[in-house]
Amino acid sequence: MAKSKTNTVHALELLAERKNQPEPVMAVVGDEPFLTHAVRNWVIDSVGSSDEPDVEVLDGKTAELRDVLDAVSERSLFGSGTRVVVVAEADPLVKQHRDRLEDYAARPRVDALLVLEVSTLPGNTRLAKAIQQSGLVVRCQTPSSGREVKEHAAQLKRWLVAVAGREHDAELEAAAAERLIELLPPAPGLLFQEVARLALLAGESRRIDTELVGKHVGGWRARKTWDMIDAATDGRSADALAQLDRLLRAGEEAHAILPQLASRLRKFAAATRLFEEGERAGRRPSLRQALTSAGFPPFKIDDAQRQLRQLGRGRAARLNDWVLAADLQLKDYNSTKDRARRVLETLIVQLSDESPAPVAGELLVPAAW
């Protein structure tokens, strides 16, 4: 029986409140890649009932309609959860097969989920109306008008408060969330990472207030710190060292940079441990699942897989030791700024794909994931 009302929600509202449930057919509409990816992972996490969710991602630029319909009909030999079929960049598929997709949306399979990720889907089209009636439309657009900007800021505020509590066990005060949005561009991905950084800086109090935001959120420096960390974990040591130099010259402290870098590296170390535990238990572990369980946010999983493969299992197994050594050196009572700089530079070089392999006699793990 068709629903009596339309079903449309903004991604920020969906991810903050989590009142909705995934529907048999969904359209994720917009041009904000972080939110699109976050919604995709919310769907997968919501329906997955096993360590390996039954998920297939198709490329909408090349996939044929029969590929999509076959995918929602197939069942994994080993998966136990609801099958999820995601069509990424689905605009070409929708344009070519709109009528057939309208028919499917009107009577979708109830034992599978079809997620169409599109840049646009006007609400007055038959396809949009069919999905609204039988499924869910999730809006991921960036705001354009003044009214939309104001509404978007309010949604960002509620979402950031929820993220702080759910992801980091921290209390983000409403006024601090507002200040954060004032200081940084309204980019959800950037704000997500900044809340993670502030939760680390909050320490045992787990409280993020306006004073903490005002002290540590520096706009350009905040963005460049994350760029430097990405460069370091990608193995681009020359780029990372150049960005570190700019940050330190701009007044950033090495003691503030290390906790952020260490947080990323400890997650890599945890993912490596989880992966190896699965191998020892005789399972076929998933690197993606290990990274998710280690605490990487959904939109960073693809980058994290690439970065962890760049590190290799030999170095990944040593990350906690490297982080501990760097932390102890920075806390040395006579550590000057120059020495603190060298500590970070050494750690960055160790992460580079040009750094030497572990010497003979050290504990090694297999190189391949």
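Remember, it's a predicted structure, so these values are computed and weren't measured experimentally.

1. A short note on the pattern of salt bridges
So, step 1. Evaluated as defined, the whole model comprises 24 salt bridges.
So, step 2. For Glu-56, the salt bridge goes to Arg-83, with nearest N and O atoms at 2.3 Å. Remark: Arg-83 occurs in strand S4 (residues 83-88) and Glu-56 occurs in strand S3 (residues 55-59); sequence separation between them is 27 residues.
So, step 3. Here Asp-111 ties to Arg-109 by a salt bridge, and the two come within 2.9 Å at their closest N and O atoms.
So, step 4. Overall, the relative accessible area of 33% leaves Asp-111 in the partly exposed class.

2. Quick look at the sheet that holds strand S1 (residues 8-10)
So, step 1. Taken together, six strands build an open sheet; the order of strands is S1-S6-S2-S5-S4-S3 and the sheet is parallel. A strand with exactly one partner marks an edge of an open sheet, and here the two such strands are S1 and S3. Pairwise comparison of adjacent strand axes, ignoring direction, gives a mean angle of 20° for this sheet.
So, step 2. Alignment of strand S2 (residues 25-29) against strand S5 (residues 112-118), held across five bridges, turns out to be parallel. Following the sheet pairing, Val-25 is matched in S5 by Leu-114.

3. As for helix H15 (residues 301-316)
So, step 1. Over its 16 residues, H15 extends only 16 Å from the first C-alpha to the last, a length that falls short of the 22 Å expected when each residue adds 1.5 Å.
So, step 2. Across the 16 residues of H15, twelve count as buried, placing the element largely inside the fold.
So, step 3. Taken together, the buried positions of H15 are Ile-301, Ala-304, Gln-305, Gln-307, Leu-308, Gln-310, Leu-311, Gly-312, Arg-313, Gly-314, Arg-315 and Ala-316.

4. Focus on unusual backbone geometry
So, step 1. Residue Arg-18 is not a glycine yet carries a positive backbone phi of 55°.
So, step 2. Along the chain, Arg-18 turns up in the loop between helix H1 (11-17) and S2.
So, step 3. Overall, Arg-18 belongs to the partly exposed group, its relative accessible area being 39%.
So, step 4. Residue Glu-89 is not a glycine yet carries a positive backbone phi of 45°.
So, step 5. Assignment of secondary structure puts Glu-89 in the loop between S4 and helix H4 (91-96).
So, step 6. The exposure class assigned to Glu-89 is partly exposed, which follows from its relative accessible area of 47%.

5. What to know about the nonpolar core
So, step 1. In this structure, Val-138, Trp-159, Leu-160, Leu-172, Leu-180 and Ile-208 are the most contacted members of the largest nonpolar core, which totals 48 residues.
So, step 2. When residues of this core are assigned to their parent elements, the largest contribution, eight residues, is made by helix H2 (residues 33-47).
So, step 3. Counting 40 residues, the second largest nonpolar core, distinct from the first, contains Ala-304, Leu-330, Leu-347 and Ile-348.

6. Remarks on the packing of aromatic side chains
So, step 1. Counted by the stated rule, this structure contains four aromatic pairs.
So, step 2. Seen in terms of ring centroids, Phe-34 and Phe-192 are 5.7 Å apart; in terms of plane orientation they differ by 50°. Their pairing is tilted. Of this pair, Phe-34 sits in helix H2 while Phe-192 sits in helix H9 (residues 188-202), and the two are 158 residues apart along the sequence.
So, step 3. Through a chain of ring-to-ring contacts, three or more aromatic side chains come together here, namely Phe-34, Trp-159 and Phe-192.
So, step 4. Its guanidinium or amino end placed over the ring of Phe-296, Lys-267 lies 5.8 Å from that ring's centre, counting from NZ or CZ.

Here is what the cut-offs are and how they apply
- Just so you know, the residues in each chain are numbered from 1, in the order the chain's sequence is written.
- Where local features are concerned, this predicted model is filtered to residues with pLDDT of at least 70; where side-chain atom pairs are given and counted, the filter is 80 or more; whole-chain, interface and lining totals use all residues.
- Just so you know, side-chain values use all the structure's heavy atoms and leave hydrogens and water out.
- The term salt bridge refers to a side-chain nitrogen of Lys or Arg lying within 4 Å of a carboxyl oxygen of Asp or Glu.
- The numbering of helices and of strands both runs from the N terminus, where a helix is a DSSP run of H or I of at least 4 residues and a strand a run of E of at least 2.
- In this scheme, a residue with accessible area under 20% of its type's maximum is buried, one over 50% is exposed, and one in between is partly exposed, where area comes from a 1.4 Å probe on protein chains only.
- The pairing criterion for strands is at least two bridges between them, as found by DSSP.
- Fitted lines through C-alpha atoms give the axes, limited to the stretch in contact for helices. The angle between two N-to-C directions lies from 0 to 180 degrees.
- A helix is expected to span 1.5 Å multiplied by its residue count minus one.
- Throughout, nonpolar core names a set of buried Ala, Val, Leu, Ile, Met, Phe, Trp, Tyr and Cys residues whose side chains join them through atoms within 4.5 Å.
- When the centres of two rings from Phe, Tyr and Trp lie within 6.5 Å, Trp using its six-membered ring, the rings pair. Their planes under 30 degrees apart give stacked, over 60 give edge-to-face, and anything left gives tilted.
- Remark: a charge is flagged as sitting over a ring if the NZ atom of Lys or the CZ atom of Arg is within 6 Å of the ring centre and within 35 degrees of the ring normal.

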